[in-house]
Amino acid sequence: MTTAVAAPTARGVVNPHAGSASLPVQVLVLARRSIKGALSRPQGYMPAVIMPLLLLTINSSGLSDATRIPGFPADRFLDFLLVITFMQAALFATSNAGLGLARDIEEGFMDRLALTPMRTGALVTAQISGAVVIAFGAAIVYIIIGLATQVDFHSGVLGVLLLLVLATWTAFCFAAIGAWLALRSGSSEALQGIFPLLFASLFLSTLNMPRDLIEAEWFQVVTRFNPVSYMVDGMRSLIITGWDGRALLEMVAVLALVSGIGIAGCARALRRRQAQG
Amino acid sequence: MTTMPRFLLAARAVAWRHLYKWITVPANFMPTFIFPLIFFGGFAGALGRVGDVPGFDYDANYTSWIFVFSLLQTCLFGGLATGFTIAGDFQSGFARRLMLAVADRRSILLGYVMSTFARAAVMSAVVTGVAALTGLEVLGSVAELAAMYALALCLSICGTLWAAGVMFRARDPQLGPAMQIPMFIAIFLAPVYVPLDLLEGWLHAVASVNPITYVMQAARDLLAGHPHDTSIAVYAIAGLMGLLLVWALTGVRAAERAGG
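Residues numbered from 1 in each chain as written. Chains lettered and ligands numbered in written order. Predicted model: local features only at pLDDT ≥ 70, side-chain atom pairs only at ≥ 80, totals over all residues.

Which residues make up the overall build of chain A, and what are the values?
Regarding its fold elements, chain A presents 13 helices and 0 strands. When the helices and strands of chain A are placed in sequence order, the string is α-α-α-α-α-α-α-α-α-α-α-α-α. The buried share of chain A, taken over its 277 residues, is 45%. The contacts of chain A with a sequence gap of at least 6 include a subset with a gap of at least 24, amounting to 76%. (Helix = DSSP H or I, 4+ residues; strand = E, 2+ residues; numbered from the N terminus. Buried ≥ 20, exposed ≤ 12 C-beta atoms within 10 Å, placed from the backbone. Contact = placed C-beta atoms within 7 Å.)

Encoded structure:
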């Protein structure tokens, strides 16, 4: 028994409780647990996969006439709206990381972990990593769907790769925010309450129309202050424009800022939680 | 008070409890308001220029166009939220006790329909208030507006009957998506953004046979002060309610057979 547990080469039986397990090994084991946990609940992730595809299918058909608005930047609404799938995958990362962590806190897993040589921070990193890996996989699926539906990626192969990176980074931002909120509240119910706000941030952005074609002034102001608009515009530029330096730089700046806030928030909340015992 | 039949007394008790839980638990209360308002704000704010598309012929502005969709969505999804309450009651064991306590279990269904109807009325008022602040244009008369709200509130009954039918059978909140997704698809497969005539291909074909399309069109015409084909909408919603009533009642029977 002990031989199998201690042997790091045996597949799937690395014991993170062994004193010699490094932080990356601890994160790897816990991330695997997080991914398995998320994938074992299809009722949790299937709507997150199905809903964006439904919205994409229905809205791209229902709003196809919007491309006749003078100045509309794409020939097909489907190309314009494909970004909704990456954003929804990122939103799902919030629930994946946040709810996973909140459940671990509620069920006492985090407290039990603190009694072992493992670092509690490894659990947080693992929940975030697990959510990001799932979002990365979803982004690949959405790109394949885009290619299958003849979406013209104006930035070429390199642009598609960058799109994948940006979609994953966006998911990381949302996952970090989800983990931060979970650490602060320690309650999955409280975390559920935040989802409408995240959902609002998506729909109150430039998701459905470019900013210069938005008629309502109040909505233009909202989109300008909503960081999600910059994420949407950055990823979308790679699909319908090509290489738009300004859109990409704005997106990277927003992602760096949100990631920083998320990581700092997680670190602070974790320290506070550890100090409280 | 005491002359009220037991059936109605039981239904009223279920309705009061449901409304009380809705008002006192923010987790129940907030999403019912926030989601329709998000859709309304997001669509009315972003898509105003869609109203300028050639062939888009509607007397009121685009905010009014989207408002009707949001109103119907509010009512329909309010009914779906009741499905989660029913499933939660089964999980906590309350529904089992409730089914033992009442002589006629159909009163439980009626209670949920009554409370959701009342809740939908409140939510419709809130959505209307927000729409008024963001430029809602009302061209219809008071009677036409009353008819529009009546159609919307009937849709809340449809939503409740559908959700009750699913959750009396499933008795598990985890099956919520199986309850939500069909209704989500049904309302989005209506002319949400542009008139039916401007829809093309498969979406036009599907929207043409979707009963919600006729309810949505009639409600928009009533808001714009040009009632047109309202009778078709009435037939459509009456047909839907009839079918869904059978679905919900057989769901209650299924729960009875399963022992609550």
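Which residues make up the overall build of chain B, and what are the values?
Within chain B, the secondary structure is distributed over 10 helices and 0 strands. For chain B, the N- to C-terminal ordering of α and β elements is α-α-α-α-α-α-α-α-α-α. Relative to its length of 260 residues, chain B is compact, with a C-alpha radius of gyration of 19 Å against a globular reference of 18 Å. Judged by the C-alpha coordinates and their principal axes, chain B covers about 60 × 35 × 35 Å. Within chain B, the fraction of its 260 residues that count as buried is 50%. Considering only residue pairs separated by 6 or more positions, chain B has 81% of its internal contacts joining residues 24 or more positions apart. (Rg over C-alpha atoms; globule rule 2.2 N^0.38 Å.)

How would you summarise the environment of Ser129(A) if you had to cite specific residues and measurements?
Residue and element names in this part refer to chain A. The topology assignment puts Ser129 in helix α7 (residues 120-148). Separated by 102 residues in the primary sequence, Ser129 and Val27 have C-alpha atoms spaced 8.3 Å apart. Contact partners of Ser129, with chain neighbours within four places excluded, come to Val27 and Ala31.

Describe the packing of α7(A) against helix α13 (residues 245-275) of chain A, with residues and values.
Residues and elements named next belong to chain A. Close contact between α7 and α13 brings their axes to 11 Å; oriented N to C, the two are set at 145°. The interaxial crossing formed by α7 with α13 has right-handed handedness. Mapping the contact onto sequence places Thr120, Gly121 and Val124 in α7 and Cys266, Leu270 and Gln274 in α13. By residue class, the composition of the contact of α7 with α13 is 3 nonpolar, 3 polar and no charged. (Axes fitted to C-alpha atoms, helices over the stretch in contact; angles between N-to-C directions. Left-handed = near helix turned anticlockwise from the far one by under 90°. Nonpolar A, V, L, I, M, F, W, Y, C, P; charged D, E, K, R; others polar.)

Got a sec to walk through unusual backbone geometry? Specific residues and values, please.
Residue and element names in this part refer to chain B. Positive phi outside glycine occurs at Arg171, with the angle close to 55°. Note on placement: Arg171 falls in the loop between α6 (142-170) and α7 (176-188). A residue is classified by how many C-beta atoms lie within 10 Å of it, and Arg171, with 21 of them, is buried. Although it is not a glycine, Asp229 sits at a positive phi angle of roughly 55°. Considering the arrangement of structural elements, one finds Asp229 in the loop between α9 (211-223) and α10 (230-257).

Outline helix α3 (residues 62-92) of chain B, supporting the account with residue identities and numerical values.
Helix length check: α3(B) (31 residues) gives 45 Å between terminal C-alpha atoms against 45 Å at 1.5 Å per residue, within 8%. Positive phi shows up at Gly93(B), right after α3(B), with a value of about 90°. (Expected span 1.5 Å × (residues − 1).)

Can you explain the interface of chain B and chain A? Please cite residues and give values.
Chain B puts 33 residues into the contact, and the matching count from chain A is 30 residues. Those elements that place two or more of their residues in the side of chain B that touches chain A are α2 (26-46), α7 and α8 (201-208) of chain B. With 11 residues, α2(B) is the largest single contributor of residues to the side of chain B that touches chain A. Per-class residue counts for the side of chain B that touches chain A are 24 nonpolar, 6 polar and 3 charged.

Help me get a handle on the packing of α3(B) against α7(B), residues and values and all.
All names here are of chain B. Where α3 contacts α7, the axes come no closer than 10 Å and their chain directions differ by 170°. Regarding the angle of α3 to α7, the classification is roughly antiparallel. Where α3 abuts α7, its residues Leu72, Gln73, Leu76, Leu80, Gly83 and Phe84 lie against Gly176, Met179, Gln180, Met183 and Ile187. Its residues placed into classes, the contact of α3 with α7 shows 7 nonpolar, 4 polar and no charged. (Parallel < 35°, antiparallel > 145°, perpendicular 65-115°, else oblique.)

Explain the nonpolar core residue by residue, including any values.
Grouped together as the largest cluster of nonpolar side chains are 171 residues, with contacts concentrated most on Leu72(B) and Val215(B). Apart from the residues lying within four places of it in its own chain, the contact partners of Leu72(B) are Ala152(B), Leu155(B), Ile187(B), Val215(B), Met216(B) and Ala219(B). (Core = buried A, V, L, I, M, F, W, Y, C linked by C-beta atoms within 7 Å.)

Got a sec to walk through the environment of Pro73(A)? Specific residues and values, please.
Looking at where Pro73(A) falls in the secondary structure, it is placed in the loop between α3 (42-62) and α4 (77-81). Beyond its immediate chain neighbours, meaning those up to four positions away, Pro73(A) contacts Pro210(A), Ile240(A) and Thr241(A).

Now, about the confidence of the model for chain B: what can you tell me, with residues and values included?
Atom-level detail of predicted coordinates should not be read off regions where pLDDT is low. With 97% of its residues at a pLDDT of 70 or more, chain B shows a mean pLDDT of 90. For this predicted complex, the interface score ipTM comes out at 0.76, while the overall pTM is 0.83. (pLDDT = per-residue confidence, 0-100.)

Could you give an account of the confidence of the model for chain A, naming the residues involved and the relevant values?
With 89% of its residues at a pLDDT of 70 or more, chain A has an overall mean of 84. Per-element mean pLDDT across chain A ranges from 41 in helix α1 (residues 2-6) of chain A up to 97 in helix α12 (residues 227-240) of chain A.

I'd like to hear about the environment of Ala131(A), residue by residue, with values.
Residue and element names in this part refer to chain A. The residue Ala131 is located in helix α7 in this model. Its 33 C-beta neighbours within 10 Å are what place Ala131 among the buried residues. Linking Ala131 and Thr94, residues 37 residues apart in sequence, is a C-alpha distance of 7.7 Å.

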